[in-house]
Structures are given as C-alpha cells and as structure tokens.
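# Examination of the molecular architecture
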Amino acid sequence: MTERLHPSVVDYFRNQMEGHSLVARCVIFRLNDGLAARISRTSGMRDVKVLLSAAYEFTTMDYLNRPSEISRGCYILIARLESTFTTEAWEAASNDGVGLGNISDLKGAINLEDV
C-alpha cells in the first residue's frame, strides 16, 4: 500500500464524506505509509476509521498487510474509481468485521451502526 493517491482522489473522498447527511466531520491523517480518515458520525453513532487504499487491485495480501490499527469496525476504501478488490480479500475482511468496498459502498455503510 505504498502507492500514493492523487490529491484529487483525496479531495473527492473528502467532498463525498462532508456531503453525507450522517457525517459530522472527516479528518484525514497519515497512517504508516498511507492515508486514513476518521469519520465522526451524527446521531450518537461511533466514529469509523477508514483506510484509503491506493491499490489498483486490492488482494488478500494487501488485506493481510494492512496497518494493525485497521481492525473490526473499520473500513478499507478502494479509493481509486478504476480500482477493484478480489472476492477473497472481501471475504477475509468480512470475516474479521472490517468493511471493504468503494465509495458508494462506504456511503451506505455509514448509515449502519456496525460498519
């Protein structure tokens, strides 16, 4: 996950989060060699930590090499619109209680107590 995200991708993510009705605040920060965000939600729901993945194809190896701070209740965003993830990576994340998907998946997950 050492690839860098173009600033326009980060801006797009921030704009999508700030426009979501249940997002009170979105703070982007460095996490290891990548970027993450802390999403503060309204309605008393807990914050969600989101890892912004720069991978073109997010694999099980990417998932297993994620920062240790990304655990149950967190989300891994496939940040580039042209990127994908493998079924195996999604299954591994799901089994651990970690969300994995694109921006529209994340926007839907924000509505749930357990992302």
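The structure presented is a predicted model; accordingly, all values stated were derived computationally and were not measured.

The rules behind these values
- Residues numbered from 1 in each chain as written.
- Predicted model: local features only at pLDDT ≥ 70, side-chain atom pairs only at ≥ 80, totals over all residues.
- Heavy atoms only, no water.
- Buried < 20%, exposed > 50% of the residue type's maximum accessible area, 1.4 Å probe, protein only.
- Helix = DSSP H or I, 4+ residues; strand = E, 2+ residues; numbered from the N terminus.
- Pairing = 2+ DSSP bridges.
- Core = buried A, V, L, I, M, F, W, Y, C linked by side-chain atoms within 4.5 Å.
- Contact = heavy atoms within 4.5 Å.

Here strand β2 (residues 34–41) lies mainly inside the structure; 7 of its 8 residues are buried. In this sheet, β2 lies alongside strand β1 (residues 23–31) in antiparallel orientation, the contact comprising 8 bridges. Residue pairing across strands places V27 opposite R38, the latter belonging to β2. From the end of β1 to the start of β2, which pair antiparallel, there are 2 residues, and N32 there has a positive phi angle of about 55°. Inspection of the sheet shows β2 paired to strand β3 (residues 48–53) by 5 bridges, in the antiparallel sense. From the neighbouring strand, R38 faces β3, where its bridge partner is K49. Counting the residues that bridge the hairpin from β2 to β3 gives 6 residues, and of these S43 lies at a positive phi of roughly 65°.

Moving on, we come to the nonpolar core. Among the nonpolar cores identified, the biggest contains 24 residues, and F13, M17, I39, V50, L52 and L77 are the most heavily contacted of them. Every element with two or more residues in this core is listed here: α1 (7–18), β1, β2, β3, β5 (75–78) and α4 (103–109). No other element matches the 4 residues that α1 contributes to this core. Not counting chain neighbours up to four residues away, the residues in contact with F13 comprise C26, I28, A37, I39, V50, L52, L77, I103 and L106. Of all hydrophobic cores here, the second largest spans 14 residues; its members include L51, I76, A93 and L100.

Read these as geometric descriptors, not functional statements.
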